[in-house]
Every structure is written in C-alpha cells, then in structure tokens.
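# Coordinate inspection notes
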Amino acid sequence: MVVISKNALAQKALVKHMLAGGSSLAALALAVPATVQAQETVATPASAQTAEEAEIVVTGTRIAMPEADQAYPVLTVTDEAIQRSGETNLTELLAELPALTGSLTSQRTAGSLPAAGEAGMNFLNLRNLGADRTLVLVNGRRHVSSSAGTAAVDINTIPVGLVERIDVLTGGVSPIYGADGVSGVVNFVLKRDFEGIEANLQNGVSSRGDAAERYASIVAGKNFAGGAGNVALSYEYRHSGRVTGDARRSGRPNDFFVFRPNPADRPDSPGLPDRIPFNDLRYFGFSAAGAADVNIDGLPDFLGTGGVYSRGTIIPNGGGLAQGGDSTPVAAYGGDLQPSVSTHNINLLASYEVSPALRLYAEGKFVSVRSFTQSQPTRDAGILIVASNPYIPDAIRAAIIPGRVAAALGAPPGAVPDGFAYSRDNYDFGLRGQRNKRETVRGVIGVDGEISDHARYDLSYTYGRTTNDFTDFNYRITDRYFAALDAARAPDGSIVCRSTLNANATRADLNYRAPAVTFTPGAGSACRPVNLFGGNTANQAALDFFLTDLKSRVRLTQHVVGGSVSGDFGEYFELPGGPVGFAIGGEYRKESSSFTPDALLEAGRILDRTAVKALSGSYDVKEGFAELQVPVLRDRPGAQLLQFGAAIRVSDYSTAGSTTTWKVDGTYAPVRDVRVRGTYSHSVRAPNIGELFNPDTGSTATILDPCSTLRTANGTQYRAANCATLLSGLGINPATFNPDASPASRASIPGIASGNGDLREETAKTWTAGVEVRPSMIPGLVASIDWYDIKLTNAISTPTAQQLVNLCVDQPTLANPFCANVTRNTAAGATAGFITGFRVNPENVTRFSSSGADFKIFYAFEPDARYGRFDVRLAGGYLDKSTTISLPGAPEVDELRQRYRPKWSGNLDLAWTLDNVTVNYGINYFGKTLRFTAQELAAQPDLVAPEYRFWNERWEHDLQIAVSAYEDRATFYAGVNNLFDRQPDFDQVNYPASFRGRFLYAGIRARLD
C-alpha cells in the first residue's frame, strides 16, 4: 500500500516545514509545476527532517524511508503536470515518456486495429515488453483487468481529477507487488484527505474542427470528527470524438503512399531501389461497385454497373495492388482514426481514525465507458454469380463464357452452372465495427494503524469486476447471405431468392455450398434477394435478412486479501546509519475471466468470422513476502549514506505452481551532493488466463508467403535454403514459386488459435545502476542517470499467423515447433504449395533483451522576484539494445530503432511563473526509426533509396498559458498541443506523430475551501 505520510497531520507538517525553508530545493520542487518530476525532488535532506516527517512509503517498497534514499529510479508525473499538459487522456500523456512510448492509445484501438471488445481501450506498455508485463496499481494495490483473459488495465478507468501523482518504476518490482510486473509498475496515487470543492471544465478540438474532447470533473471532500475522519466524492466525465478514416491525408488516395516493388528494377539492379513509394494504390480486383471476372483469370473485365473495368496500372509482384483505376483505394480502408469514447467515473474515498492504533478506510469506484468505432466493409472475393441471376447487367450477361466456370473448377461440363467470378467491397451494407459498453466496479476496505512507535500494520480486501457487453455490427450470416445472393425470376416476373422457389435448391460457389440452417426455405421464406451490381444497390429488406449484430460478453473478477506489518527494529538496536527497516506480509488473490460469444459466432454461422468458442478460466495464488532495508552508515565522512536492501516473495499458483522472486539493492552517497544506487532482481510472470485456457477457436488471416521469390531474401540467412527444401519436397520449383501472382493468395486463410495449459512462468533478470547529483553550489538543480538491463527468458509468446509462417523458415532447421503448425497444399495444380492453414498458440520459447539509460535534469530557480520563477525539466531515454530470440537456437532479431523503439527520446519542459501568470512550453521528441526491419535492410542494401530508410523523428511542441484569479481560487488556462501541426509520415496513418495534428483547448479550474 502507498501511504503519503504516516498520518495527514504529519504530511501537512512536512509541507509546512519545507515551504518555511527547511530545504530550499524541496520548497522549489513543490512550488513549481512539473510535467515530469523526479520523485526524489520532493524530499528534504534527511538531516533537515524529523523521523516522523522524513519517512514515508513510496512506490517500490513497503518500508517507510526518506524518498531520496530509495535505490530504484522512479519517474513521477504530478497532478500539476497533468493539468499543464492539456491532456485529459492519461495514456496520451504517459506515452510521451521514453519508457512508455509503445503504449496503446485510443488511436491504436480504433478502426480495424482493436481486438474483440477492445475498441477505445488504453493500455500501458513499459519498455515495449507488452501490456501483460506492465503492472498497473492504484494506491499501491492491484486493479481488475479490462480485457478478457489478460491482466491489462484500461487506463480510462483511472479518474484523472483524483490523481495526485503517477509513479513509473521500471523493472524488478515483482518481489514487492507480485507477478505481471516484470517490466515494471505504473502506480496511480490518488488524493487523500481531500477537503473543499474542486471543479474543472475543459474543451478542446483539433485545428481541423474534429477530434473534439470534453472534460468535466468535480471533487468534494470534508473532514469530520475533529479531523479524525474524511470523506471525498468525485465525479468525472470525459468524451473524445470519433474521427473517420477519410478525415486526414491518409484517407485521400493521392496523398497516401505505400511502398511496393519497383517495376524498373527487373531484373534486380544494385543501382536501383527494390521498393519505391506509390500513391493512389488500390486493392486490385475489388470495387464498391463490384468487379466481374468473366474469364475467371483473376483480372476483372466489368464493373458491376456493366461498364468496362479500368484496371489501372498493376504493380508487378505488388501483393495484389494497382495504381489508379476502379479498384478500392487502400487509403482509409482501415476505418476510423479515433473511436468515440465516453467515460463516467464515480469515486468515493473515506477514512476514520478511531485511534493511532486503528484507522478504517474504504475506496469505491464505478466506471462506465461507452466506445464506438467503424472499420472495414465486408468483402466478397471471387464468389460465383450464376448466369440466371436477373440482376446481372446486360453487358456482363452477354460476355459470360459457357463452360468456363466448370473448367476453372476442374469439374465436368455442366456440373457447375455457368456464370462468372465476382468481387466486391460491400460499402452499401454498412461498415463493420465495434460498439462497447464496459463497466468497472472496484472496492477496497481496510484497517491500518500503529502497533508501537516502531511498527505499523495494514490489512485490506480488494474486489474488482469488469463487464464488457460489446457488439460487432454488420456481419453476414453465411447461409442467409448466399441464399439472398442466389436470385431468380419468379413465374410472376418478380425477383426472389431461388430457395424460395425451390426449398431444396443448393448453391454452387467457388468457395462454399451453404444449405439453409438459420432460416426455412420454400414458399413464404423470409429470404429477400440482394442486388450487388453497382454501388448502393443493396435493398434494405435483403440487408435486414442476412446482416446481424454479434453480441458478446466479457466478465472479469478479482479478489485480493492482503496484510502486512512494517516498521523498524529501532526499539531493540540501531546501526550507525539508523534502525533496520522491515516489512513482512502475505496475500491471497483470485482472478477469474469469462468470454461468452454470440451464439451465431460460436456456432460458426458468420461468413466473415470463423467459429469463436467461449472462454472460462480462473486461478488463485497464495503469497508471502518480506523486505529489509539496512542503513549501514549515515552522515559520516566519506559516507553520507550507505544502505542496502533486499526483498523476497514466495508464491504458490494453482496453475503454475511455486515461484520465488527476489531482489537486492544498494545506495551510497560519499558526499551530500552525489548519490550512487543500484538494484538486481529476479522476477517472474505466471501465464494469464487467456494464455492458459483459451479454447480452440477459429481464426482467419491474410498471409504473405515468405517462400515467394519476392521474399526469400527478406528473412534470416536460413530462409532461402529452408524454403527450397520445403518446396522441393512438394515437387515445386523454388525459383519460380510466386503465389502473389494468383488471386487465391489474397483470400483469408482459416486457422486455429488456442491457449496452452502446459505454459510455465517467465523469468526476468533486471539490474539498474545510477547516479544522482544535487550540487550544493547550484541550489535547485537535480540531475540523474540510471542504466537498466532487462533479460526476459522463457517468455510466453503467441505469434501472429504471419509471424508463424515467417518463423517456420527463418530458423536454422525446419524441425521447429512453428513449421508443425503451418499447412500447405500438397496437391498438384495452380495452388500447389500455397499456405492452407495455421495454428497459433502461446509457448515459452522467446527471449527479450532490452537495455539503455534514463536520465533526468531538473532545475528550479528564481533569479529575482521581478523576473519570476523558472523551472527547467528534462526527462530522456537512450535505448542501447532491444532484441528478440524467437526460440532457443534461433538467430537474434535486432529491434533497435524499429517502430516505437527509437535510440533517443525525451521531453523538455520550460515553465515561467510571474505573479499570477504561468507559461509552460514543452517539447516531445524521439529519434528516427527504421521503415523496414534491420534484417531486411541488411539482406537487401538497395531495398529503398537512402532517404526512405527511416521514418522522420518526432517533434511536437506544446504551449499553455494559465492565469489565476480570485486569490488563486480560479485558474483560467488555454493551450495548444502540437503547436506546429506535425503530421504522420507520408506512408503512415498515425506515426511518428498523431494524426490529430494541432490541438487547441481551454478550460477553467476552481476551488472552494
């Protein structure tokens, strides 16, 4: 548990002491705003504090101690920093920190990007090791998850207006807080003992008039019983507006570029780039008006209107893309850039101190989140339209070639009706998407108090529940859709479904035979025919017949009972550095997760989705922990401080068995101005519910074959030889294998995704070493640098279908677990060797390594009262190494300078305060990142022209001006984020800068005591 001070009165005394001059540095640190402020800067030197004032519990330890003595590097974002950022979405703000660059903001859970039920969710991702490895705490306690089968917490559930500070601590905290934190902890510390009324209203909008944000909060608190009790209630509303895919340059075909093979580089020439950027790229052979292929050769001949199809310029080996023409533009096809998200957040905090030995406390929360986003239309790829369909335009009907369909299918003449292949992006059906209704309930009750002058206890129970009723809308029921598609002319001349005329009719198709299951064919049938020829031709009666909304439900629950005793042995003995501190305790936790899919989805009745099975799983864990802090020396010549610490946690999981985590640390200050610190830890993460219990569930994926002649040079040194062996064994010439040239390669491939009950825990070894300088000759200056090194072994990894097929041929041998999960067509013919299926499931096979440095510089000074106060804050990161080994013996993959892994990153904030005016100027930066992988560029030095090897660096400038009035009871502020309207790169939707561009906002904060 995080306790700001031993009691509210001691906390107030500490603040008064510092502001009265107990420490000029601490006073400045408290007085000035900080977008990123070192936690250590809010503590006075130990010599200037009483024990009661100095020793507080901070993130990363359960032992009361001076903050500056902590061996862990902690980065803190204060409530004042949040206010001055202009951000009402905490993830957007935290993602600017170097350690959290890869976090999932709302823009990364919009359109076609989010997983089932996750539209609009925000997840923190420390060190790019994944949201499941980032432990999110509230007041030092766990928070119930938001996503089925995972430990990931949606940051939308955290009340912005109640946050006092956010502590970010990377690596080595599993011994203190338990599993899931192998990459670190983000602890949201809420305000306590709040008295008065505080309200905040803010509105913002992009300079293009969209992406609107509305925020309102009110917090009311009251002390009672002479200050022994306190109760506070808060309500918060946040709304971010939906932004459609065509609202930016990335949605305009002529302004959005995609890299594809260079037609002039055939055969390959070292003097020419292999890939060049193209604009106006389109998914060849697909159109909102329909594309009829009467020759069934993969080349469209007519639009659905009957006009001649303009094919544009087909990009050779371009993965089914063409430039120009009538095909569907790639631009904006991914759907929304930002979802609509509305959040209502209610919190109740209460405490009552019966005596120093007994304080009762409680926290309650209810959060309701509504999100909405649209993605892509449904797509028909090469379906058969029979020649008798009365909707066929005359020009297409006249071009139908008798017997051509049967010949294409290898069927005897007459066995298949005449017709043609038809492809279409069904925009007129309505875009697919997600609508989410998420509710989170969380409560904490507990007691704490003093056992003696040297020991305290804390006992609490935490309950959390998340429910997510989400709807995937505008999906097609398979049998109904194909029945509606098979239109026929009735005797009275009307157009009806063929199955209405003949209940036993079946429909031959290039991909399906779909007998009626969800409706009754024959006379009086509910089936209504659909007209797909041309854009906006689908009639509403047909859409109502075959479209459905899939309603699924997620429920997650968490129970945590924990207790601890902490204090020191000062009653019995002291070392030259002071009393030895200790903490000991235990915890019981139970996590449950269930997912109930829509009945049609579970039964496999949906055309655009394979069957999805229900998930239900749980585990519990019993843990015991202990921690020591040993102050060897203090205030001695050559040793202003020498202190060591250690912690251990023993856990017994109902799933993973017994695990042990531990850490050691040390802090040494030879003089008051310089402090050296270091930690070493052994941490674990047990597999989560989804990784363990996910049932076999159907999946689909579009896969680019790594064994295509276009890609054998793009992998490891083993790929070409492995592909040659694999294809030769199927009787295929590796030198000519190019599935990209076939329309069949563009179809979704069915597969299976599942959990793995045999998973073991992951293990992380982390060390940090750093130095902090507080030069007495420059009051107000604090500078620090900390090196970190994380090695995660036996890491649980679930590859995507594309990663799976790549990993199969990128290992030293084909005898690996990945190849066993990929199937290919073994029959002779045009599709021989094509990938036909896959199976993905998690395995303990991966190793991650990451190392680098975090550095901070803070300088607060007031040269003269006439010129005001200045505050300079720099928080930066240097990434030295980021590698992945997919399985033991496999080659190491260098991910340094890949997306969200820049070598250099940082935030600089400059604040100036004069009287009642404060101006804050911020710069957010990260360096260039590679457009292609390091392996691809090493294998093909001429892959792209030199100017295209990197995406641009990120530079965003923010400005806010705030004016306080009415004796500081009200503050009026206005600002602009991304002042110079930095945009995504020309081939990106939301990288390296946000699509939002320049964003303007204004608001008012008011407080009544």
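In case you missed it, the structure is sitting above this.
Everything quoted here is computed from the prediction, not taken from an experiment.

Residues arginine 266 and proline 267 are joined by a peptide bond in cis, for which omega reads -5 degrees. If you trace the backbone, proline 267 turns up in the loop between β10 (257–261) and β11 (275–279). Backbone torsion omega between tyrosine 991 and proline 992 reads 0 degrees, so that peptide bond is classified as cis. Even without being glycine, arginine 897 reaches a positive phi, approximately 70 degrees.

With that settled, the discussion passes to the pattern of salt bridges. Taken as a whole and assessed by the stated rule, the structure comprises 49 salt bridges. For aspartate 301, the salt bridge is made with arginine 311, and the minimal N-O distance between the two is 3.1 Å. Placement of the pair is aspartate 301 in the loop between β13 (291–293) and β14 (302–303) and arginine 311 in the loop between β14 and β15 (313–314), with a sequence separation of 10 residues. Judged by relative accessible area, which is 30%, arginine 311 ranks as partly exposed. Overlapping salt bridges, with partners in common, bring together Asp79, Lys191, Glu198, Arg1007 and Asp1009 in one network.

Let us now look at the state of the cysteines. Tallied over the full model, the rule gives 3 disulfides. The partner cysteine of cysteine 497 in its disulfide is cysteine 527, sulfur to sulfur 2.0 Å. Handedness of the cysteine 497-cysteine 527 disulfide follows from its S-S torsion of about -85 degrees: it is left-handed. Linking cysteine 497 in strand β25 (residues 495–497) with cysteine 527 in the loop between α10 (498–501) and α11 (540–546), this pair joins segments that are 30 residues apart in sequence.

Turning our eyes to something else, we now look at the sheet that holds strand β32 (residues 697–701). Where strands meet in a sheet, backbone hydrogen bonds hold them as pairs that are either parallel or antiparallel. One open sheet holds the 4 strands; their spatial order is β32-β33-β37-β36, and the pairing between them is mixed. Each having just a single partner strand, β32 and β36 (822–824) make up the two edges of the open sheet. If you compare each strand with its neighbour and ignore which way they point, the axes differ by 25 degrees on average. In this sheet, strand β37 (residues 835–840) lies alongside strand β33 (residues 749–753) in parallel orientation, the contact comprising 3 bridges. When the bridges of β37 are listed, isoleucine 752 appears paired with arginine 839. In this fold helix α15 (residues 801–810) packs onto β32, β36 and β37, with an angle of close to 100 degrees to the strand it touches most, β37.

Burial analysis of strand β23 (residues 455–476) places 16 of its 22 residues in the buried class, the great majority of the element. The sheet contact formed by strand β22 (residues 433–452) and β23 spans 19 bridges and is antiparallel. Bridge pairing links glycine 443 to tyrosine 463 in β23. Linkage of β22 to β23, two consecutive antiparallel strands, is achieved through a turn of 2 residues. In the sheet, β23 pairs with strand β26 (residues 547–568) via 20 bridges, with the strands oriented antiparallel. Note that in β26 the partner of tyrosine 475 across the bridge is threonine 548.

Analysis parameters
Residues numbered from 1 in each chain as written. Predicted model: local features only at pLDDT ≥ 70, side-chain atom pairs only at ≥ 80, totals over all residues. Heavy atoms only, no water. Helix = DSSP H or I, 4+ residues; strand = E, 2+ residues; numbered from the N terminus. Salt bridge = Lys/Arg side-chain N within 4 Å of Asp/Glu carboxyl O. Buried < 20%, exposed > 50% of the residue type's maximum accessible area, 1.4 Å probe, protein only. Disulfide = S-S within 2.5 Å. Pairing = 2+ DSSP bridges. Axes fitted to C-alpha atoms, helices over the stretch in contact; angles between N-to-C directions. Contact = heavy atoms within 4.5 Å.

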